[in-house]
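What the coordinates show
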Amino acid sequence: GENVEQHPSTLSVQEGDSAVIKCTYSDSASNYFPWYKQELGKRPQLIIDIRSNVGEKKDQRIAVTLNKTAKHFSLHITETQPEDSAVYFCAASLMNTGFQKLVFGTGTRLLVSP
Amino acid sequence: DTEVTQTPKHLVMGMTNKKSLKCEQHMGHRAMYWYKQKAKKPPELMFVYSYEKLSINESVPSRFSPECPNSSLLNLHLHALQPEDSALYLCASSHVGGGSYGYTFGSGTRLTVV
């Protein structure tokens, strides 16, 4: 089955700096890669996703890149703000005929200091 | 309506109790999921329903019993739980097929087994 590794486990940056979180996946058949932000005590919220036919996607200060050959994908946050502080999870899935089975990475705790 | 609603938000139960968690969505999603999340860990898949049929059971102990009575509702029946089952239980839903990816998570039920 799919296995997703995520690094680093903790990331501390100063406000305004950039943050990069990296993930690798094992199943070359996976075709969908979302990123979730989870604040303490709250639900995971989808912040950006990428499909296997795309190499990069941006949404304002957030971007995701995908290298299918290396089975790597990364989350880039620019101009970080204190409200970006949260736990970020990457995930990978294969869109099956009826559903998608998301396998999550172990999470990165991002702390943005003012 | 673009939400997944879970009830109750908090539940404390004894090891001999029987209780149920409820999840509801009205987005027309035909795939629904139960995840378990322990503190500081990623969500772990428990069950997947696709078109109201159980598609995946990730070797979950029989003290957890899922039910999907219709396309909008998903229940998780709990019986004879152990203290280690204390966790945040997340429901999610998604479209199936058609190129529409992405989960919508509910806010979760925080379960404490005493």
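Look above for the structure.
Here we summarise the structure given alongside this text. Just so we're clear, the structure is a prediction, and the values are computed from it rather than from any experiment.

With that settled, consider the interface of chain B and chain A. Taken together, the 30 residues of chain B in the interface contact 19 residues of chain A. There are eight residue pairs in polar contact (both at pLDDT 80 or more) connecting chain B and chain A. Breaking the side of chain B that touches chain A down by element, the ones donating at least two residues are β4 (31–37), β5 (44–50), β6 (53–57) and β9 (87–94) of chain B. Among the elements that line the side of chain B that touches chain A, the one with the most residues is β4(B), at four residues. In terms of residue class, the side of chain B that touches chain A is made up of 15 nonpolar, eleven polar and four charged.

The subject of this paragraph is the sheet that holds strand β8 (residues 73–79) of chain B. All names here are of chain B. Across the sheet, four strands lie side by side as β1-β3-β8-β7; this open sheet has antiparallel pairing. In this open sheet, the two edge strands, each paired with only one partner strand, are β1 (4–7) and β7 (64–70). Mean inter-strand twist for the sheet, computed between neighbouring axes without regard to direction, equals 20°. Two strands pair when backbone bridges link them, and β7 and β8 are joined in this way by five bridges, in the antiparallel orientation. Residue pairing across strands places F64 opposite L78, the latter belonging to β8.

A few words now on the pattern of salt bridges. Applying the stated criterion to the full structure yields seven salt bridges over all chains. A salt bridge links B:E58 to A:K101; the nearest nitrogen and oxygen atoms lie 2.7 Å apart. Linking B:E58 in the loop between β6 and β7 with A:K101 in the loop between β9 (86–92) and β10 (103–104), this pair reaches from one chain into another. A relative accessible area of 30% means that B:E58 is categorised as partly exposed. Three or more residues are tied together by salt bridges with common partners; here these are B:K36, B:R63 and B:D85.

Rules used throughout
- Residues numbered from 1 in each chain as written.
- Chains lettered and ligands numbered in written order.
- Predicted model: local features only at pLDDT ≥ 70, side-chain atom pairs only at ≥ 80, totals over all residues.
- Heavy atoms only, no water.
- Contact = heavy atoms within 4.5 Å.
- Polar contact = N/O pair within 3.5 Å; in protein donor to acceptor, adjacent residues only side chain to side chain.
- Helix = DSSP H or I, 4+ residues; strand = E, 2+ residues; numbered from the N terminus.
- Nonpolar A, V, L, I, M, F, W, Y, C, P; charged D, E, K, R; others polar.
- Pairing = 2+ DSSP bridges.
- Axes fitted to C-alpha atoms, helices over the stretch in contact; angles between N-to-C directions.
- Salt bridge = Lys/Arg side-chain N within 4 Å of Asp/Glu carboxyl O.
- Buried < 20%, exposed > 50% of the residue type's maximum accessible area, 1.4 Å probe, protein only.

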